[in-house]
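Structural overview for review
What follows is the residue order along each chain.
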Amino acid sequence: MPLLTTTNRLAEAKNAGHIVLKHITLASAAQAEQSGSNPFDPKAAALSDGFYQIIQWKDDAEKPSLASVTSPTGLKSDSSVPVVMGADTDFLSNFWKLTRQYGLKNGFTVVPVATNIPATDPETGATTYDKSSVLNVYRSGSYPLWVMRCDESAEIRSPDGTSTTVVDYFRILEAGSKKCWKNSTEAADNSPINVNTMSTAARPPQSELFELIRCDIVQTSISVSSVDNIITTASDSTIVKKFYFGTGPVSNSDATSYVSVKLFTSARDQGWADQPQAGLYSWFEIAILTKNMTLGENVTDQIKKVDGKLLTWVSHSVPLTSTYTDQEGPIFAKDHDLFKNLKAGNVIAVLSCAQYANWKCDAHSGNLNFRKLVANNTNTK
């Protein structure tokens, strides 16, 4: 899918009833400069230090492609990894810290928020650099500089006239050269960003233009819940596990943005036991499944395994009572094996479990409460 050009983007906006108040190109900016000031000059000057997403839009895409740090395994402290434009990458790898360097006009360091390149020397940090015409991240004691230059801009008013959106497109230039960031393969996802000599055309190619979206990374609560009734009954010492509810297959961005999860249930068991002192044998588990399932389906080989270990964990047992009782399990935090092993396409599921004759796990509601990292103030198309 090719990149969405500025021309097509503005045409789509007009077709949707928006009004294009202003469209500044290199040609119109140069003309304006002859009789006054260049309208692009305040754009880069207004960039403040902070966290950004560096994005491009593709035709018909519902979400942007993001400049992201790749995360291969087996990296060493002297490794370097390419930067790609992807739509579903590790959450924190999508964010960049831009810091203005006042010795160079509109010069910035561009530093990834997260990378799995090991840090063995406290004097080094991850930064971006040109490695044989491909943008890479590595650890260094000095940070190369990049110049942010706005080369196209548009101002669009909503159909009802209540809001105005300014879209600024930047070239990211290597300091001291005529090279700039460029999406290497517009049609492909996770395409590397090259560092090539910039085009001299009157209109920059869309592959060289990026939006810089200032973001704050915050935590928010996300709930996945069910009000369906489920009864899991055991007939002997064989453990019975049934699927209650879950997230559905998660994206890579979701899998890497979860901070914690906690399970809340309203449930009861059969209300009696021959030997109550022997323990409780109905409970709930939180598991990673390799595929989605339906309510009440028996869980057999769907639980994900790593090194022969089933990735499922007890949340809490159901008390010995015939009355539905509200309960909550422990917090599964970011460093738990649940999140360490969660990958795109996996499902976080709640399992209703019972063991031994006549033991029941009878639930009539449940809620998985996630804490999740999200980007605040991210621009939309």
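Going by the structure above, here's the rest.
Below you will find a few notes about this structure. None of the values given here were measured: they were computed from a predicted structure.

Pairs may arise between side chains of opposite charge once their charged atoms sit close together. Counted according to the given criterion, the structure contains 12 salt bridges. With a shortest N-O distance of 3.0 Å, Asp362 and Arg268 are connected by a salt bridge. Remark: Arg268 occurs in strand β17 (residues 258-268) and Asp362 occurs in strand β25 (residues 360-376); sequence separation between them is 94 residues. Look at Asp362 and you get buried, because its relative accessible area is 6%. Judged by its relative accessible area of 26%, Arg268 is partly exposed. Look at the salt bridges and you will find they share partners, linking Arg149, Asp151, Arg171 and Glu208 into a network.

The next thing to look at is the sheet that holds strand β16 (residues 240-246). Taken together, the four strands give an open sheet; going across it, the order is β16-β24-β18-β21, and neighbouring strands pair in antiparallel fashion. In this open sheet, the two strands that pair with only one neighbour each are β16 and β21 (312-317). Within this sheet the neighbouring strands show an average axis-to-axis angle of 30°, counted without direction. Pairing analysis gives five bridges linking strand β18 (residues 282-289) to β21, with the strands arranged antiparallel. Across the sheet, Trp283 pairs through a bridge with Ser317, a residue of β21.

Along the chain, Ser322 turns up in the loop between β21 and β22 (325-328). A C-alpha to C-alpha distance of 64 Å links Ser322 and Ser207, two positions 115 residues apart in sequence. Other than its neighbours up to four places away in sequence, Ser322 contacts Arg268, Asp269 and Gly271.

This paragraph deals with the packing of aromatic side chains. Ring pairs (aromatic) are described by centroid distance and by the angle formed between their planes. Following the criterion strictly, the structure yields nine aromatic pairs and no others. A centroid spacing of 6.2 Å and a plane angle of 45° characterise the contact between Tyr258 and Phe339, whose relative ring orientation is tilted. Of this pair, Tyr258 sits in strand β17 while Phe339 sits in helix α5 (residues 337-340); the two residues are 81 residues apart in sequence, bridging distant segments of the chain. Exposure class is identical for Tyr258 and Phe339. Each is buried. The structure contains a cluster of three or more aromatic residues connected by ring pairs, namely Trp146, Trp181 and Phe210. When the ring centre of Tyr324 is taken as reference, the NZ or CZ atom of Arg268 above it lies at 4.3 Å.

In a disulfide, the sulfur atoms of two cysteines are covalently bonded to one another. Under the criterion given, the structure shown has zero disulfides. Of all cysteine sulfurs in the structure, the one in Cys150 sits closest to Cys180, which takes part in no disulfide; the separation is 14 Å. Classification of Cys180 by relative accessible area gives buried; the value is 0%. We note that Cys215 lacks a disulfide partner, and the nearest cysteine sulfur, in Cys150, lies 17 Å from it. Judged by its relative accessible area of 0%, Cys215 falls in the buried class.

Relative to β25, strand β14 (residues 216-226) is paired through 11 bridges, and the arrangement is antiparallel. The partner of Ser221 across the bridge, within β25, is Arg371. Both strand β15 (residues 230-233) and β25 contribute to a ladder of four bridges, which runs antiparallel. Note on β25: the bridge partner recorded for Ile231 is Asp362. By the bridge criterion, 10 bridges tie β17 to β25 in an arrangement that is antiparallel. Counted as the bridge partner of Lys262 is Asn369 from β25.

Reading guide: rules and limits
Residues numbered from 1 in each chain as written. Predicted model: local features only at pLDDT ≥ 70, side-chain atom pairs only at ≥ 80, totals over all residues. Heavy atoms only, no water. Salt bridge = Lys/Arg side-chain N within 4 Å of Asp/Glu carboxyl O. Helix = DSSP H or I, 4+ residues; strand = E, 2+ residues; numbered from the N terminus. Buried < 20%, exposed > 50% of the residue type's maximum accessible area, 1.4 Å probe, protein only. Pairing = 2+ DSSP bridges. Axes fitted to C-alpha atoms, helices over the stretch in contact; angles between N-to-C directions. Contact = heavy atoms within 4.5 Å. Phe/Tyr/Trp six-rings, centres within 6.5 Å; stacked < 30°, edge-to-face > 60°. Lys NZ or Arg CZ within 6 Å of the ring centre and 35° of its normal. Disulfide = S-S within 2.5 Å.

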